[in-house]
Structure formats: C-alpha cells, structure tokens
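Architecture at a glance
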Amino acid sequence: MTTPRIHLPAPLPLPKIALVATIALVTLAGAGTIAARGLPSLDAARSAIGIPVRTPDGVVKGQEIAVLTEAPNVPPPITRSYATKVIVNLDVTEKPMRLADSVEYTMWTFGGSVPGRFIRVREGDLVEFHLKNAANSTMPHNIDLHAVTGPGGGAKASLTVPGGESVFSFTAMNPGLFVYHCATSPVPMHMANGMYGMILVEPKAGLPKVDREFYVMQSEFYTKGKYGEHGMQMLDMDKGIDEKPTYVVFNGAVGSLTGDRALQAKVGEKVRLFVGNAGPNLTSSFHVIGEIFDNVYTEGGTLAQHNVQTTLIPAGGSSIVEFGVEQPGDLILVDHAIFRAFNKGTLGVLHVDGEKNPNVFAAIKGLGVTAKGE
Ligand SMILES: [Cu+2]
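These remarks concern the structure in this document. Each chain carries its own residue numbering, running from 1 in the written order of its sequence. Given that the model is predicted, a residue must reach a pLDDT of at least 70 before its local features are reported, and side-chain atom pairs must reach 80 or more before they are shown or counted; all residues, however, enter totals for whole chains, interfaces and linings. With hydrogens and water stripped out, all remaining heavy atoms of the structure feed into the side-chain values.

A short note on the coordination of the copper ion
- Nitrogen, oxygen and sulfur within 2.8 Å of a metal are treated as its donors, or within 3.2 Å for sodium, potassium and calcium (Na, K, Ca); water is not counted, so a site can appear incomplete. For the copper ion, every protein donor is listed as His141 (ND1), Cys182 (SG), His190 (ND1) and Met195 (SD), and the spread of their distances is 2.1 to 2.5 Å.
- Square planar and octahedral assignments, for four and six donors respectively, both demand that opposite donors be over 155 degrees apart and that all other angles lie between 65 and 115; tetrahedral needs four donors with all angles between 85 and 135 degrees, and anything else is irregular. Every donor counted, the four donor atoms about the copper ion form angles of 86 to 138 degrees at the centre, which fits irregular coordination.
- Along the chain, the residues that donate to the copper ion are spaced as H-x40-C-x7-H-x4-M. A residue pair is termed long-range when its members are at least 10 positions apart, and histidine 141 in the loop between β5 (126-133) and β6 (144-145) and methionine 195 in the loop between α3 (187-192) and β9 (196-202) qualify at 54 residues.
- Using a 1.4 Å probe on the protein chains alone, a residue whose accessible area is under 20% of its type maximum counts as buried, one over 50% counts as exposed, and one in between counts as partly exposed. Classification of histidine 141 as buried rests on a relative accessible area of 0%.
- On the accessibility criterion, methionine 195 (0% relative accessible area) is buried. Under the DSSP-based scheme used, a helix requires at least four consecutive residues in state H or I and a strand at least two consecutive residues in state E, with every element numbered from the N terminus.

Section: the sheet that holds strand β20 (residues 329-335)
- Whether two strands pair depends on DSSP finding at least two bridges between them. Spatially, β13-β21-β20-β15-β18 is the arrangement adopted by the five strands of the open sheet, whose pairing is mixed. Single-partner strands in this sheet number two, and they are β13 (263-266) and β18 (310-313). Each adjacent strand pair in this sheet contributes to an overall mean axis angle of 20 degrees, direction not counted.
- For strand β15 (residues 284-289) and β18, the ladder comprises four bridges, and the chain directions are antiparallel. Its bridge partner lying in β18, serine 285 is registered against leucine 312. Throughout, an axis means a line fitted to C-alpha atoms (over the contacting stretch in the case of helices), and angles, computed between N-to-C directions, take values from 0 to 180 degrees.

Here's the deal with the sheet that holds strand β12 (residues 247-250)
- Here six strands make up an open sheet; going across it, the order is β12-β10-β14-β19-β16-β17 and the pairing mixed. Single-partner strands in this sheet number two, and they are β12 and β17 (304-308). Neighbour-to-neighbour, the strand axes of this sheet turn through a mean angle of 20 degrees, independent of strand direction.
- The pairing of strand β14 (residues 270-279) with strand β19 (residues 317-324) spans eight bridges and is classified as antiparallel. Paired with valine 275 across the two strands is serine 319, which belongs to β19.

Points about the packing of aromatic side chains
- Pairing of aromatic side chains requires ring centres within 6.5 Å, counting the rings of Phe and Tyr and the six-membered ring of Trp. Pairs whose planes differ by under 30 degrees are stacked, by over 60 edge-to-face, and all others tilted. Taken as a whole and judged by the stated rule, the model has 10 aromatic pairs.
- With centroids separated by 4.8 Å and ring planes inclined at 70 degrees, the aromatic side chains of phenylalanine 118 and tyrosine 215 adopt a geometry described as edge-to-face. Taken as a pair, phenylalanine 118 in the loop between β3 (103-110) and β4 (119-122) and tyrosine 215 in strand β10 (residues 212-221) lie far apart in primary sequence, 97 residues in all.
- Looking at tyrosine 215, the relative accessible area reads 0%, which means it is buried.

Brief notes about the pattern of salt bridges
- A carboxyl oxygen of Asp or Glu within 4 Å of a side-chain nitrogen of Lys or Arg is what we treat as a salt bridge. The tally for this structure, following the rule as stated, stands at 11 salt bridges.
- Note that aspartate 101 and arginine 98 form a salt bridge whose closest N and O atoms lie 2.9 Å from each other.
- Here aspartate 101 falls in the exposed class, since its relative accessible area comes to 57%.
- A salt bridge links arginine 272 to glutamate 322, with the shortest nitrogen-to-oxygen separation between them at 2.8 Å. One end of the pair, arginine 272, is in strand β14; the other, glutamate 322, is in strand β19, with 50 residues separating them in the sequence.
- Look at arginine 272 and you get buried, because its relative accessible area is 1%.
- Bridged by salt links that share partners, the residues Arg120, Glu202, Glu213, Arg272 and Glu322 form one connected network.

Let's talk about the pairing of β19
- Among the eight residues of β19, eight are classified as buried, and the element is accordingly described as predominantly covered.
- Of the two faces of β19, the one holding Gly317, Ser319, Val321 and Phe323 and the one holding Ser318, Ile320, Glu322 and Gly324 are both buried throughout.
- Relative to β19, strand β16 (residues 293-297) runs antiparallel, the two being bridged by three bridges. Bridge pairing links valine 296 to valine 321 in β19.

Looking at unusual backbone geometry
- Here the amide bond leading from alanine 71 into proline 72 is cis, since omega sits at 10 degrees, within 30 degrees of zero.
- Positionally, proline 72 belongs in the loop between β1 (63-65) and β2 (85-100).
- Of the consecutive residues valine 114 and proline 115, the connecting peptide bond is found in the cis state with omega at 0 degrees.
- Among the structural elements, proline 115 can be located in the loop between β3 and β4.
- Residue asparagine 251 is not a glycine yet carries a positive backbone phi of 50 degrees.

This is the structure we're talking about:
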C-alpha cells in the first residue's frame, strides 16, 4: 500500500508573504468602503471629470472675420494660441435649388447653400454674430446654434425680418462640433426647407493634424411628389409629421458627393469627416463602406472611441470620424439604414487614388466578373 503523495507548494519567501498579506488587506478595506459609501468608482469618475461652471474672463486679443465655407469644404485649422473676437457674417436667402436630377425645391439657406456655411472658431473665442435676412425673403428667420450658452441658442436675439440684420454675441465655451438651425415658427418647416449647418469649436489644444477634412451633413426632404418626380417640389407637412421622408441626402441633394463631386484623398493620407445630422426627424447610422473609423468623437464631443464600423448620429447632433486610407478605390458613405442609401439618396463617395497593397486587400478568385476599377 502506497501513501498518496501530497504536493505542497514551496514556502513563499518572506517578502512575498508580506506582499500577499498587503494585497489581501487592501482588498478587504476596499470592500468595506464600497459597503459603507455605495459606488465609489462612480464618485471618482465624476470628480475626475467635474462639472465646471464656466465664466469667460472676457480677455480677447484683436478680431478677425470668420472664413465660412460651403460643404464639403471646411475652413482651415485654427493656429492661434489665444482667444479673439470672431465676426461671423451669415446671410439668409431663399432660392430654388437642385434636390435631385430634374427635381427642384425652394431652399431656405444659411449662406446660399444647403447645408449652411461651416463656421470654425476656437474654444474661448468671443463670437459676434451678424445674421442678415435677404430683402426678397418671404419669411423672418433666426438662428439657434447648439454651441451657444444662452436663451434659445441665440434664437430670440437673432430673429430677423426680410431686409433686416440682427447682431448678438456669445463666448464659445465648450469645444465640440455643433449643429445650428433656424428656430423660427413653424420650426419644422424652416428646418425641412434646408435651414441648418454646423459650427466647430476647436479645443484650445487644437485637433490632431490630418491631410483632409470634409463637411458632410445628412438631412431629409418631404415633398408632395414621389422620389425622383420631376419639376419644382413643395413641402409635404403630413409626410414630415409622419416622419416619412421622400429624400434622405448628404449635403442637400441626391448626388452631391458622387461623380465629379466625390470627395478625394490619396493612399497614406489621414482623413477627418465632420458629420452632422439635421434630421428633422431621423437618426443616422453613419457608415463608410470599405473603411473602419480609427477614431470617432462620439456625438461630436470630446470622448474618442476607436475601431468603429457605424456611428449613430442623432437628429440635431454630430460625429467627428477619422481614418487613415490604406487602399485605392471608392469608399461609399451611407446611412446604413440601407433603404435610405439606395432608394432615398443617402449615398456619397470618397475616391482614393494610389498604389494597391495586396497585403491590405486582394481579390483572389471570384466568378470571373470584375467591376471596373477593382
Ligand atoms: Cu428660418
């Protein structure tokens, strides 16, 4: 009869015993704290972030006139290291514009385009906003910028009759990518007619350098006629109330980012898209077919997410997405609520030129049918 052998672990040297005992004591103490105070990790997270009550010191150096751009262009990055007074001159005009091939719509615009002009300021800047309403406008208009801390985002102070001009000022206290829109009654009508755009408040430290920046804004149009029905189209308020858009588009029209108007980049470049969603109703599932977002500043705020396939953009919200382009070809921008992309117009192209890298992607054997350019 053999005696079963019991293998005992080698005795711990003294310093290791001390370490294990310390860890055990700290763990026990931590458990006691949780029991006594609830959820200390949440408290810790809150105190780390804080809830600042901001008070601008009013110290600004000099002044400049804001460079405003039409989508898909973005004003140049801000190189200033101090706050200044930025004068924004934005003119509201109402005019017939192309919604799709042979389809026109009387757009109400901020700066003559849909979406409205892109505004770029720096955190801490004092913005003096001049809103003019063209003399031949049929309506009063105003502006609510989500970057504004103040009544109605500036809406009340900026209500402007045809032929008039309103001026108000605000300090851009929170960095981020913000939507602006008209907030004149009836608000849904003004928004459905094209009155929206975006303002970027660059953080004091700036944004990481990239090779290309583009401005893309999704929105819906509700027309009396069906999708693609030729001629001048009128707003269908019932479709708006039912949230059943006829068109869902990027940058104000079907095909605004395809063919000759496709966005352009080269292999090896870093791309940043400032993406907004004006709604007025739908949430966007923004996706780029053939790419993965390396960075996503969720909801246009400060939190950076990584390795994202599709980012959700609420109506009246935004997202900043960044990615490196590694392979030539056409990357396709869509709302991945996919009927919108293929049947309502939410389709754009980022064309990438450059050398193929078979280590990134290689088509080995298919059905013998190769699409042009693949
Ligand atoms: Cu308006």
